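Coordinates in review
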Amino acid sequence: MNVAVSPDTLPGADAAAGIATVETVRLGMPHLALGGLSESWLMKDLGHRHWMLLARMAGRAVPDFRDGDGAPVYAAFSALSVTGADFAALGENDLLTIRSGIARVSRTQCASRHALSRAGQPVGEVELVSAFVRRANGGGNHTVARVALDGFPPAAAPMADGLAGLAAEMRAGRRREHLGFDLAEPATGGAFDIDRSFEIDPCPAQDFNGAGFLYFSSFVAFVDRAEWHFDNRRAARPTTLRRDVFFHANIDPGERLRVRWLAERRDGGRLAHRCRLERLGDGARLADAFTLRAL
């Protein structure tokens, strides 16, 4: 089921455009992981919903966006945030309701929010921020530029508010702390030595999307692989409670990356960690990830 609803009932809905949806999904094996709801499936599904909501906000039947020269324009995710998650509460045959809304937050960026519930009980909320980008001629995924497109309603909120503003602070290095981690503190020494890194060779058939970019859901999967590499003896079935990821750059097929395990904190059956993803060839920062997990 996928129906339009009143935007004032949904988080993040654009009141001017009235763009909001509600859908119920019966969960089966494609939607589930060992510890409950599959975060990988969820990110891919919500990414697609975000993409389709952009089309509806622009009055289009399909999200085929082009610049003035006819070159393809894509919505690249610049940040995601998972809050209030109780993915372990979800299992086979459960009905997951996804209430989604979208708003424009700047000339080039839009933000969607997706409230998740089962039988009327909240099980999490996800916010996604995207920027319209295009590739430079012959530049691959290293040289993408933001573009503004016509046909969208005005920005519904200042970019300084919410996740989009936080992402801008992270990119500019103005943020000093996030989720209890000191971002200015050198990530060296003891258990948090910067040499604790995990190299990954992304597979084009599995980790890249149809537009040729390393898919944003793969970044999350790589953080989980690093967690398993460094912590599997103590956390065999962790589930996400909170996760923030800030995206900075991308890679081309055939390039490798590393996940740096920068810091961790344990408290009362919970594990919090901070990771950075980097392009292996030149050390370029690809993403910063902050995760809180129940053990």
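Conventions we followed
Residues numbered from 1 in each chain as written. Predicted model: local features only at pLDDT ≥ 70, side-chain atom pairs only at ≥ 80, totals over all residues. Heavy atoms only, no water. Helix = DSSP H or I, 4+ residues; strand = E, 2+ residues; numbered from the N terminus. Buried < 20%, exposed > 50% of the residue type's maximum accessible area, 1.4 Å probe, protein only. Contact = heavy atoms within 4.5 Å. Areas by Shrake-Rupley, 256 points an atom, 1.4 Å probe, with all protein chains shown as cover. Phe/Tyr/Trp six-rings, centres within 6.5 Å; stacked < 30°, edge-to-face > 60°. Lys NZ or Arg CZ within 6 Å of the ring centre and 35° of its normal.

**Focus: the overall build of the protein chain**
Within the protein chain one finds four helices and 17 strands. Within the protein chain, buried positions represent 49% of all 295 residues. By sequence separation, contacts in the protein chain at least 24 residues apart represent 66% of the contacts at least 6 residues apart. On the protein chain, roughly 13400 Å² of surface is accessible, and the fraction owed to carbon and sulfur atoms is 49%.

**A closer look at the environment of Leu286**
You can see Leu286 is positioned in strand β17 (residues 285-294). Under the relative-accessibility criterion, Leu286 is labelled buried at 0%. As a C-alpha pair, Leu286 and Phe247 span 39 residues in sequence and 6.0 Å in three-dimensional space. Beyond its immediate sequence surroundings of up to four residues, Leu286 is in contact with Phe219, Phe246, Phe247, His248, Ala249, Asn250, Ile251, Leu257, Leu277, Glu278 and Arg279.

**Concerning the packing of aromatic side chains**
Going through the model one piece at a time under the given rule, you end up with twelve aromatic pairs. Ring centres of Phe181 and Phe290 lie 6.4 Å apart, and the angle between their planes is 40°; this geometry places the pair in the tilted category. Taken together, the positions of Phe181 in strand β12 (residues 181-182) and Phe290 in strand β17 put the pair 109 residues apart, joining distant regions of the chain. Across the pair, exposure class does not vary: Phe181 and Phe290 are buried alike. Relative to Trp261, the ring of Phe230 has its centre 5.5 Å away and its plane inclined at 40°; by these criteria the two rings are tilted. A residue pair is termed long-range when its members are at least 10 positions apart, and Phe230 in helix α4 (residues 216-231) and Trp261 in strand β15 (residues 257-267) qualify at 31 residues. Taken together through their ring pairs, the aromatic side chains of Phe77, Tyr215, Phe216, Phe219 and Phe247 make up a single cluster. The aromatic ring of Phe213 is capped on one face by Arg135, whose charged end is 3.9 Å from the ring centroid.

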